[in-house]
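Each chain, written out:
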Amino acid sequence: MTGPRRFGPDDRAVSIAVTHVLTIGITTILLTGLLIGAGGVLDSEREQAARSELKTIGDRLSAEMESIDRTATPDADERIELETEHPSRVSGAAYTVRLESKSTGSACDVNRLDNASACLIMSTAELNDDVVVPVNVHEDTVDPGAVNGGDVRIVYENEPGDDPTITIESAT
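About the cut-offs
- Residues numbered from 1 in each chain as written.
- Predicted model: local features only at pLDDT ≥ 70, side-chain atom pairs only at ≥ 80, totals over all residues.
- Heavy atoms only, no water.
- Helix = DSSP H or I, 4+ residues; strand = E, 2+ residues; numbered from the N terminus.
- Contact = heavy atoms within 4.5 Å.
- Buried < 20%, exposed > 50% of the residue type's maximum accessible area, 1.4 Å probe, protein only.
- Salt bridge = Lys/Arg side-chain N within 4 Å of Asp/Glu carboxyl O.
- Core = buried A, V, L, I, M, F, W, Y, C linked by side-chain atoms within 4.5 Å.
- Lys, Arg positive; Asp, Glu negative; His and termini not counted.
- Patch = residues over 30% accessible without salt bridge, like charges linked within 9 Å, V, L, I, M, F, W, Y side chains within 5 Å.
- Areas by Shrake-Rupley, 256 points an atom, 1.4 Å probe, with all protein chains shown as cover.
- Polar contact = N/O pair within 3.5 Å; in protein donor to acceptor, adjacent residues only side chain to side chain.
- Pairing = 2+ DSSP bridges.

**A few points about the overall build of the protein**
No. 1: Scanning the protein from terminus to terminus reveals one helix and eight strands.
No. 2: When the helices and strands of the protein are placed in sequence order, the string is α-β-β-β-β-β-β-β-β.
No. 3: Put simply, of all contacts in the protein between residues at least 6 apart along the chain, 59% involve residues at least 24 apart.

**With respect to the environment of C108**
No. 1: Positionally, C108 belongs in the loop between β3 (93-101) and β4 (118-124).
No. 2: By relative accessible area, C108 is classed as buried at 0%.

**Examining the pattern of salt bridges**
No. 1: In this structure the tally under the stated criterion is eight salt bridges.
No. 2: Across the pair D59 and K55 runs a salt bridge whose closest N-O atoms are separated by 3.0 Å. One end of the pair is D59 and the other is K55, both in helix α1 (residues 14-71) and four residues apart, which spans about a single turn.
No. 3: Residue classification places K55 among the partly exposed positions, given a relative accessible area of 36%.
No. 4: E81 serves as the salt-bridge partner of R153, at 3.6 Å between the closest nitrogen and oxygen. Here the residue R153 occupies a position in strand β7 (residues 152-158), and E81 occupies one in strand β1 (residues 78-84), the gap between them amounting to 72 residues.

**Quick notes on the nonpolar core**
No. 1: By size, the foremost hydrophobic cluster in this structure holds 27 residues, and its most contacted members are M65, V97, L120, M122, I166 and I168.
No. 2: If you list the elements that add at least two residues to this core, you get α1, β3, β4, β5 (131-135), β7 and β8 (165-170).
No. 3: A per-element tally of this core places α1 first, with six residues.
No. 4: In this structure, L120 is in contact with G58, L61, S62, M65, V97, R98, L99, V131, V132, V133 and V135, ignoring residues within four places of it in sequence.

**A look at the side chain of E78**
No. 1: Relative to the elements of secondary structure, E78 occurs in strand β1.
No. 2: Buried within the structure, E78 lacks any salt-bridge partner; its nearest side chain of opposite charge belongs to R79, at an N-O separation of 11 Å.
No. 3: In this structure, E78 is in contact with A72, T73, Y156, E157 and N158, ignoring residues within four places of it in sequence.

**Re a nonpolar patch on the surface**
No. 1: The grouping of V18, L22, I26 and L30 at the surface amounts to a nonpolar patch, some 400 Å² of accessible area in total.
No. 2: Take L30: it is sitting in helix α1.

**A short note on the environment of E83**
No. 1: As for its position among the elements, E83 is in strand β1.
No. 2: As for E83 and S170, which are separated by 87 residues in sequence, their C-alpha atoms are 9.1 Å apart.
No. 3: When sequence neighbours within four positions are dropped, the list of residues in contact with E83 reads V152, R153 and A171.
No. 4: Looking at E83, its side chain comes within polar contact range of the side chain of R153, at 3.2 Å.

**Some remarks on the pairing of β4**
No. 1: Most of β4 is tucked away, with seven of its seven residues classed as buried.
No. 2: Neither face of β4 is exposed, since A118, L120, M122 and T124 on one face and C119, I121 and S123 on the opposite face are all buried.
No. 3: For β3 and β4, the ladder comprises seven bridges, and the chain directions are antiparallel. Within β4, the position partnered with V97 by the bridge is M122.
No. 4: Pairing of β4 with β5 involves five bridges; the strand directions are antiparallel. Within β5, the residue paired with A118 across the bridge is V135.
No. 5: If you look at the hairpin formed by β4 and β5, you'll find six residues sitting between the two strands.

Purely spatial values, then, with no claim about function.
As structure tokens, this is what we get:
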């Protein structure tokens, strides 16, 4: 007999462990990239939804204001109130509505609002910029104001000796 047998270095099992570690590492990197990419798309979709909701609410308010303005009798002593119902939040965030006259040199004074005498400026924390909606009412009837989103009261008032005014108030 020849002496005790010695075993040489054996690397056969190492390749399986390395393969598992590499597979887990690559999978983790791919999933992380996918989650980060999906998060960016989600933020973009949330902004788009908020902008769309504000535009829709603004269009409805604008149409309601224009309707009151058309309904009013020019030289009559009258007060017309219209309570409107709108969501109090868009994309999970509160919003504000500002009514401004184009003559004040505000955000209403932009090219796309050439034919409008006023505008509604809709803003929320979800967006970096405001959504501007034109309002076509008689010149010089707009009394600027701001309300929180939700139920809004539109008021047209024409008292003898004063110019008629149209404004927005909180309905609650």
